[in-house]
Amino acid sequence: QVQLVESGGGLVQPGGSLRLSCEASGLVLSQFDMSWYRQAPGKERELVASITNDGKWTNYGESVKGRFTISRDNAKNTVALQMNSLHSEDTAVYYCNGRHWNYAAIDYWGRGTQVTVSS
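Below is a summary of the structure that appears in this document.

Procedures and definitions
- Residues numbered from 1 in each chain as written.
- Predicted model: local features only at pLDDT ≥ 70, side-chain atom pairs only at ≥ 80, totals over all residues.
- Heavy atoms only, no water.
- Phe/Tyr/Trp six-rings, centres within 6.5 Å; stacked < 30°, edge-to-face > 60°.
- Helix = DSSP H or I, 4+ residues; strand = E, 2+ residues; numbered from the N terminus.
- Buried < 20%, exposed > 50% of the residue type's maximum accessible area, 1.4 Å probe, protein only.
- Pairing = 2+ DSSP bridges.

### A look at the packing of aromatic side chains
Then comes step 1: Considering all chains together, one arrives at two aromatic pairs under this definition.
Then comes step 2: With 5.9 Å between their ring centres and 50 degrees between their planes, F32 and Y108 make a pair best called tilted. Linking F32 in strand β4 (residues 32-39) with Y108 in strand β10 (residues 107-109), this pair joins segments that are 76 residues apart in sequence.
Then comes step 3: Relative to W109, the ring of Y37 lies with its centre 5.0 Å away and its plane at 50 degrees, an arrangement referred to as tilted. Of this pair, Y37 sits in strand β4 while W109 sits in strand β10, and the two are 72 residues apart along the sequence.

This is the structure we're talking about:
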């Protein structure tokens with residue numbers, strides 16, 4: 001059974017840093033483009049960052065560009081999101097997503113991890 005499990009969320013002060021991890025099982029990670037999405041209460045789901053299956057290309061949402069970094073380790077079946085200079089607008093549930101590089105209909109989601117930025 002395919003699983004994406006996020007970890008690393010929690011409470012952090014404004015200006016602080018947090019590192020999220022996504023551990024995948026039941027799939028070959030190198031076949032999947034990976035993304036982080038987030039959703040805050042009352043808001044639509046928002047793309048935070050994405051990385052191609054081979055790690056060659058990355059994209060970031062405008063609101064996080066320059067502050068967040070996505071990375072992957074296919075050998076360890078993990079994807080990470082390093083978040084720096086956090087502010088209150090970053091508060092959301094963060095979700096890990098995997099989409100097959102060639103078959104977009106093969107699409108998996110984690111259950112999410114809560115990130116709260118507050119003093």
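Read on, since the account is not over.
### Focus on the pairing of strand β1 (residues 3-7)
Then comes step 1: Here β1 shows a clear split, with L4 and E6 buried on one side and none of Q3, V5 and S7 buried on the other.
Then comes step 2: As paired elements, β1 and strand β3 (residues 18-25) share five bridges and run antiparallel to each other. By the bridge assignment for β3, E6 is matched with C22.

### Some thoughts on unusual backbone geometry
Then comes step 1: The phi torsion at N77 lies on the positive side, around 60 degrees, for a residue other than glycine.
Then comes step 2: Relative to the helices and strands, N77 is located in the loop between β7 (68-73) and β8 (78-83).
Then comes step 3: By relative accessible area, N77 is classed as buried at 17%.
Then comes step 4: For S85, which is not glycine, the phi dihedral falls at a positive 50 degrees.
Then comes step 5: Considering the arrangement of structural elements, one finds S85 in the loop between β8 and β9 (92-100).

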